[in-house]
Amino acid sequence: MDRRNLQSFETVARLGSVSAAAAELRISQPAVSKQIQRLEKELGLRLFHRNPSGMTLTAAGETLLELGFDVLARFERAEGVMRSRFRGMPSFRVACPHATAEGVLTPFVAMTDVPIVDLHIIPADEIDAALDHNIDLAVSSLTPPEHRHRLPIAEVPVMVQGTSEAHDRFGVAQSGDLELLRQTWLIVPRTGVGTAVIAAAATLDPAPSIREVSAGSVAQSLAANGQGFALVTEAQRFGLGAVPGRVNGQPITITLYASWDVNHYAATDLLQVAKSLREWMSANPPWGPREAWDASSRN
């Protein structure tokens, strides 16, 4: 089974269109169609229903799609093994949420000689599953399962962000105590940040009202619209003010983890990448100098 034919099949199946697949693969539409035809001829099976509205999978096509993901992942793993072992050229794909990509990993890649060749930006709750396919390293604030290798990368402060009018309730305080926010909504992303805030808020009686949204940037946009306070790790935007979040006098933080498969062919190299990321974040914390955070959390 030719890899190019299989890749074209997978792309058409995912996008539902030969033209869209050709654009993504950067080849001509006739080339994609020929590769699909070759694959169907080789298997002796019809893989697509060709409709005016697009391409839909037959039962045989659905089965091949399920198997094909594993085959393509094995191709990529084999290439990675050969580059790493015999050419000294490891290259890794990293999965992470959008905020982690923007605030942490893209600056890390830009400023260091790290063997990362691509970032796959996906929701936090899908990141661990990606390690079972074609992803080498995961970076997320969700705690990895026990069957993964993992390394804590950084303790990241959760910031309370709101409009200047909303922040008046803190007065001259240098931190955002959740005790003062019982009469408004706390807006949190469905990531490790949301998990940490929900756990912290549960220690209060009565607990503040919490609203979960898809991402930190969404929480920020709603806070800017006056719908409550965003509790996030993202840099300030939309003119929001920010102070470190606290509950019962303690700062609210999350742990950022790197994780990878225990049987990965380059587990030693991935550990080194994770350690390099930890050192880089210690020297370049995206939330500002660590001394400033420590000082404000004691006020």
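Residues numbered from 1 in each chain as written. Predicted model: local features only at pLDDT ≥ 70, side-chain atom pairs only at ≥ 80, totals over all residues. Heavy atoms only, no water.

Quick look at helix α1 (residues 3–15)
Consideration 1: The end-to-end C-alpha separation of α1 is 18 Å, in line with the 18 Å expected for 13 residues at 1.5 Å each.
Consideration 2: Every buried residue of α1 is listed here: Asn5, Leu6, Ser8, Phe9, Glu10, Thr11, Val12 and Ala13.
Consideration 3: Just past α1, the residue Gly16 takes up positive phi, approximately 75°. (Helix = DSSP H or I, 4+ residues; strand = E, 2+ residues; numbered from the N terminus. Expected span 1.5 Å × (residues − 1). Buried < 20%, exposed > 50% of the residue type's maximum accessible area, 1.4 Å probe, protein only.)

Quick notes on the environment of Thr184
Consideration 1: Summarising the element assignment, Thr184 is placed in the loop between β8 (176–177) and β9 (185–189).
Consideration 2: Spatially, the C-alpha atoms of Thr184 and Phe229 are 7.6 Å apart, while their sequence positions differ by 45 residues.

Brief notes about the confidence of the model for the protein
Caution is warranted with low-pLDDT regions, since their predicted coordinates should not be read in detail.
Consideration 1: Here the protein shows a mean pLDDT of 82. Residues at 70 or above account for 84%.
Consideration 2: Contacts of residues 288–299 to residues separated by more than four positions or lying in other chains number 14 contacts, the stretch itself having pLDDT below 50. (pLDDT = per-residue confidence, 0-100. Contact = heavy atoms within 4.5 Å.)

Concerning the side chain of Thr11
Consideration 1: In this fold, Thr11 is placed in helix α1.
Consideration 2: Owing to a relative accessible area of 1%, Thr11 belongs among the buried residues under this scheme.
Consideration 3: Not counting chain neighbours up to four residues away, the residues in contact with Thr11 comprise Ala21, Glu24 and Leu25.

Re the side chain of Thr100
Consideration 1: Its location among the elements puts Thr100 in helix α5 (residues 98–111).
Consideration 2: When its relative accessible area of 12% is taken as the criterion, Thr100 is described as buried.
Consideration 3: Once you skip the residues sitting within four places of it in the chain, Thr100 turns out to touch Leu105, Val139 and Leu256.

Section: the pattern of salt bridges
Consideration 1: Per the stated rule, a full pass over the model turns up 7 salt bridges.
Consideration 2: Note that Glu40 is salt-bridged to Arg50, the shortest N-O span being 3.0 Å. A residue pair is termed long-range when its members are at least 10 positions apart, and Glu40 in helix α3 (residues 29–43) and Arg50 in strand β1 (residues 48–51) qualify at 10 residues.
Consideration 3: What makes Glu40 buried here is its relative accessible area of 13%.
Consideration 4: Where Asp128 meets Arg148, a salt bridge forms, and the shortest distance between an N and an O atom there is 2.8 Å. Highlighted residues: Asp128 in helix α6 (residues 127–130) and Arg148 in strand β6 (residues 148–157), separated in sequence by 20 residues.
Consideration 5: For Asp128, a relative accessible area of 25% puts it in the partly exposed group.
Consideration 6: Given a relative accessible area of 5%, Arg148 falls into the buried group.
Consideration 7: In this structure, a network of salt bridges that share partners links the residues Asp128, Asp132, Arg148 and Asp261. (Salt bridge = Lys/Arg side-chain N within 4 Å of Asp/Glu carboxyl O.)

Things to note about the packing of helix α2 (residues 18–25) against α3
Describing two packed helices takes the angle between their axes plus the distance from one axis to the other.
Consideration 1: Where α2 meets α3, the axes come as close as 8 Å, and the angle between the chain directions of the two elements is 105°. As the angle between them shows, α2 and α3 are arranged roughly perpendicular. Every residue of α3 that contacts α2 at Val18, Ser19, Ala21, Ala22 and Leu25 is listed here: Gln29, Val32 and Ser33.
Consideration 2: The class makeup of the residues in the contact of α2 with α3 is 5 nonpolar, 3 polar and no charged. (Axes fitted to C-alpha atoms, helices over the stretch in contact; angles between N-to-C directions. Parallel < 35°, antiparallel > 145°, perpendicular 65-115°, else oblique. Nonpolar A, V, L, I, M, F, W, Y, C, P; charged D, E, K, R; others polar.)

A short note on α3
Consideration 1: The terminal C-alpha atoms of α3 lie 21 Å apart, and with 15 residues this matches the ideal 21 Å at 1.5 Å per residue to within 8%.
Consideration 2: Looking one or two places after α3, you find Gly44, whose phi comes out positive at around 70°.

Let's talk about the packing of α1 against α2
Consideration 1: Relative to each other, α1 and α2 sit at 125°, their axes nearing to 8 Å. In terms of orientation, α1 and α2 fall into the oblique class. Of the two elements, α1 crosses α2, and the hand of that crossing is right-handed. Residues Gln7, Ser8, Thr11, Val12, Arg14 and Leu15 of α1 lie in contact with α2, whose contacting residues are Val18, Ala20, Ala21, Glu24 and Leu25.
Consideration 2: In terms of residue class, the contact of α1 with α2 is made up of 6 nonpolar, 3 polar and 2 charged. (Left-handed = near helix turned anticlockwise from the far one by under 90°.)

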